[in-house]
Amino acid sequence: MGHMDRMGTGGNMKRLMAALVLLTMVGCGTDTTRSLDGPTAPPDEVAVPGTPVAHEPEPPEAPEPGVTQQGLRATLRLQGIGIGAYTAVLGQIRSVEVRVDGVEQEVRLERGSVDLARTGHAWKLATFTIPDGAREVSVALRFDDFGGYESSAGAGMVDLRVPPLRFSAPAENFIEHRHAVVHLDVARSLLDRGEGRLLLPSFQVHY
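Structure report, in brief. (Residues numbered from 1 in each chain as written. Predicted model: local features only at pLDDT ≥ 70, side-chain atom pairs only at ≥ 80, totals over all residues. Heavy atoms only, no water.)

## Topic: the nonpolar core
Point 1. Counting 38 residues, the largest nonpolar core has Leu76, Leu78, Val96, Leu125, Val137 and Phe174 as the members making the most contacts within it.
Point 2. Going through the elements one at a time, strand 1 (71-81), strand 2 (86-100), strand 6 (122-131), strand 7 (136-143), strand 10 (165-170), helix 3 (171-177) and strand 11 (179-185) are the ones with two or more residues in this core.
Point 3. It is strand 2 that contributes the most residues to this core, 6 residues altogether.
Point 4. Each residue touching Phe174, except ones within four places of it in the same chain, is listed here: Leu72, Ala74, Phe128, Ile130, Val137, Val139, Phe167, Ala169, His179, Ala180 and Tyr207. (Core = buried A, V, L, I, M, F, W, Y, C linked by side-chain atoms within 4.5 Å. Buried < 20%, exposed > 50% of the residue type's maximum accessible area, 1.4 Å probe, protein only. Helix = DSSP H or I, 4+ residues; strand = E, 2+ residues; numbered from the N terminus. Contact = heavy atoms within 4.5 Å.)

## Let's talk about the sheet that holds strand 11
Adjacent strands of a sheet pair through backbone hydrogen bonds, lying either parallel or antiparallel.
Point 1. Pairing is mixed in the open sheet, where 5 strands are placed in the order 4-6-1-11-14. Strands with a single pairing partner mark the edges of an open sheet, and in this sheet they are strand 4 (107-109) and strand 14 (203-206). Direction aside, neighbouring strands of the sheet carry axes that sit 20 degrees apart on average. (Pairing = 2+ DSSP bridges. Axes fitted to C-alpha atoms, helices over the stretch in contact; angles between N-to-C directions.)

## Details of the pattern of salt bridges
Point 1. Per the counting criterion, the structure on display carries 8 salt bridges.
Point 2. One salt bridge in this structure joins Asp144 and Arg94, with 2.8 Å as the shortest N-O distance. Note that Asp144 is positioned in the loop between strand 7 and strand 8 (146-151) and Arg94 in strand 2, a separation of 50 residues in sequence.
Point 3. For Asp144, a relative accessible area of 19% puts it in the buried group.
Point 4. Since its relative accessible area comes to 36%, Arg94 is described here as partly exposed. (Salt bridge = Lys/Arg side-chain N within 4 Å of Asp/Glu carboxyl O.)

## A few points about unusual backbone geometry
Point 1. One non-glycine residue, Asp101, lies in the positive phi region at around 50 degrees.
Point 2. Within the secondary structure, Asp101 is located in the loop between strand 2 and strand 3 (103-104).
Point 3. Positioned with a positive phi, Arg178 is a non-glycine residue whose angle comes to about 65 degrees.
Point 4. Mapped onto the elements, Arg178 comes out in the loop between helix 3 and strand 11.

What follows is the structure in structure tokens.
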């Protein structure tokens, strides 16, 4: 990832601001983002990570049926842990793929952007159905190419161009609690690359 070290300060900041604009816009050209819960800025301003803004309460989640005619409805969530000195770590969810016994399932994306430095918050990313009689569930989570961060040491870009975050588990793990929560260790996962950071996910999955 030497390209990040060769970028000039001006070019780096332009890409950072472009990423932050993307992460704070609602439904800007992608059909995977239904709504964004995070803070937004007035139309003529850009919400920079860590900038104090009024937090609007998240809308209440629609009740989930749990058991459907096709099987069990389950949820995938993502939570940042081990935040360290970071005050904001913004990323955009590009896709969530779920396969049950090797067969791809229909996935409903619930949101596009996340802030992994938001302490104690597990972002609801997607819901999907686990068919009756399922044995194994495999999940692949992919981020968009770039995000942004802010810490006590400064701010910059996060390079998210890494292979999808993948895990598999017996179907009964999902069935018992009807969800899986990915705990991503923020401080361990973000590697210093000069003016930016590279994401190499260190995570555990809880059910």
